[in-house]
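# Structural overview for review
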Amino acid sequence: DTEVTQTPKHLVMGMTNKKSLKCEQHMGHRAMYWYKQKAKKPPELMFVYSYEKLSINESVPSRFSPECPNSSLLNLHLHALQPEDSALYLCASSQLHGGAFYEQYFGPGTRLTVT
Amino acid sequence: LAKTTQPISMDSYEGQEVNITCSHNNIATNDYITWYQQFPSQGPRFIIQGYKTKVTNEVASLFIPADRKSSTLSLPRVSLSDTAVYYCLVDAVTGGGNKLTFGTGTQLKVEL
């Protein structure tokens, strides 16, 4: 199984809502990532979990809160978002050896719209 | 500051070889350079990864010069289905530490 799944595929939320994005992989990968991608732009790294611990936080606003409950699951909790947070949110996973990041497998993304 | 730049777009015809270059003027010495393909409304898909010199797999080749300040993805015989955006991904050295950074992306359009 070389698939990364993400739910939901689409999400529309108001600025006062709380929602969560979910990501799952069963490849035994020990690194998991969240990226944000705006239209016609490259993905931007938000968070990296290594061995279920947050290893990289790219100065993301606190209205985005990641969680890694176990080695297969990754969540992104959303609260009080702004319209400019509307984007495609991508999850990825990879092997991790000695701190080097290897081939990442990406999910299809969640298209988030904040109204 | 590290910059990771690519040509905005390239046009080609079926059966031709396409070379896409990524310039990364300041990358970590110990990490890989990776290339991805992305279709609209999908996540990026791994193409090839290398550290130095040349790497080849069943779909592409990757050329990395000794100074590692650039890399070139070579697609040997493109088809219509290769129309997509191509990104390089590097571990760039920045003022605040290393950062996984995608290149600016190259839209490849393949025509008959």
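As a further point, take unusual backbone geometry. Cis geometry is found at the peptide bond from A:T7 to A:P8, where omega equals -10°. Despite not being glycine, A:S59 shows a phi value in the positive range, around 55°. One can find A:S59 in the loop between β6 (53–57) and β7 (64–70). Look at B:R68: it is not a glycine, yet its phi comes out positive at around 55°. With respect to the helices, strands and loops of the structure, B:R68 is situated in the loop between β7 (61–64) and β8 (70–75). Given the relative accessible area of 9%, B:R68 is considered buried.

Frequently, the measure chosen for interface size is the accessible area removed from exposure when the parts meet. Taken together, the contact between chain A and chain B spans 18 residues of the former and 17 residues of the latter. For the pair chain A and chain B, the two sides together bury roughly 1,500 Å², of which 59% comes from carbon and sulfur. When the area that chain A buries against chain B is broken down by residue, the three leading residues are A:F101, A:E103 and A:F106, summing to 29%. Connecting chain A to chain B are four residue pairs in polar contact (both at pLDDT 80 or more). Counting residues per element, the ones that place at least two in the side of chain A that touches chain B are β4 (31–37) and β11 (100–101) of chain A. Per-element tally for the side of chain A that touches chain B: the top contributor is β4(A), with three residues. Among the residues forming the side of chain A that touches chain B, the class breakdown is 11 nonpolar, three polar and four charged.

Let us now look at the packing of aromatic side chains. Residues and elements named next belong to chain B. Taken as a whole and assessed by the stated rule, the structure comprises 11 aromatic pairs over all chains. Consider the rings of Y87 and F102, whose centres lie 5.7 Å apart with planes at 80°: the pair is edge-to-face. Note that Y87 is positioned in strand β9 (residues 84–94) and F102 in strand β10 (residues 97–102), a separation of 15 residues in sequence. F102 matches Y87 in its accessibility class, with the two residues each being buried.

Under the criterion given, the structure shown has two cavities of 30 Å³ or more. Taken as a whole, the largest cavity encloses approximately 80 Å³ of empty space. Forming the boundary of the largest cavity are A:F101, A:Y102, A:Q104, B:D31, B:Y32, B:T34, B:Y36, B:Q49, B:L89, B:V90, B:D91 and B:L100. Only β4 (33–38) and β9 of chain B provide two or more residues apiece to the lining of the largest cavity. Considering each element in turn, the lining of the largest cavity owes the most residues, three residues, to β9(B). By residue class, the composition of the lining of the largest cavity is seven nonpolar, three polar and two charged. In this structure, the second largest cavity occupies an estimated 30 Å³ of space.

On to the state of the cysteines. Enumeration according to the criterion identifies two disulfides over all chains in this entry. The residue that forms a disulfide with B:C22 is B:C88, at a sulfur-sulfur distance of 2.0 Å. Looking down the S-S bond of the B:C22 and B:C88 bridge, the torsion is 50°, so its handedness is right-handed. With B:C22 in strand β3 (residues 18–24) and B:C88 in strand β9, this pair connects stretches of sequence that are 66 residues apart. Comparing B:C22 with B:C88, the two get one shared label, buried. The closest cysteine sulfur to the non-disulfide-bonded A:C68 is located on A:C23, 9.2 Å from its own sulfur.

Let us look at the sheet that holds strand β6 (residues 53–56) of chain B. Residues and elements named next belong to chain B. Pairing is antiparallel in the open sheet, where five strands are placed in the order β1-β3-β8-β7-β6. Where the open sheet ends on each side, the last strands, each with one partner, are β1 (4–5) and β6. With three bridges connecting them, β7 and β8 associate as antiparallel partners. Its bridge partner lying in β8, L62 is registered against L73.

Conventions adopted
Residues numbered from 1 in each chain as written. Chains lettered and ligands numbered in written order. Predicted model: local features only at pLDDT ≥ 70, side-chain atom pairs only at ≥ 80, totals over all residues. Heavy atoms only, no water. Helix = DSSP H or I, 4+ residues; strand = E, 2+ residues; numbered from the N terminus. Buried < 20%, exposed > 50% of the residue type's maximum accessible area, 1.4 Å probe, protein only. Contact = heavy atoms within 4.5 Å. Buried area = accessible area lost by both parts, 1.4 Å probe. Polar contact = N/O pair within 3.5 Å; in protein donor to acceptor, adjacent residues only side chain to side chain. Nonpolar A, V, L, I, M, F, W, Y, C, P; charged D, E, K, R; others polar. Phe/Tyr/Trp six-rings, centres within 6.5 Å; stacked < 30°, edge-to-face > 60°. 1 Å grid on protein atoms, 1.4 Å probe; cavity = no way out; pocket = protein on both sides within 12 Å on 5 of 7 lines; lining within 4 Å. Points joined across faces, edges and corners; volume = space filled by probe spheres on them. Disulfide = S-S within 2.5 Å. Pairing = 2+ DSSP bridges.

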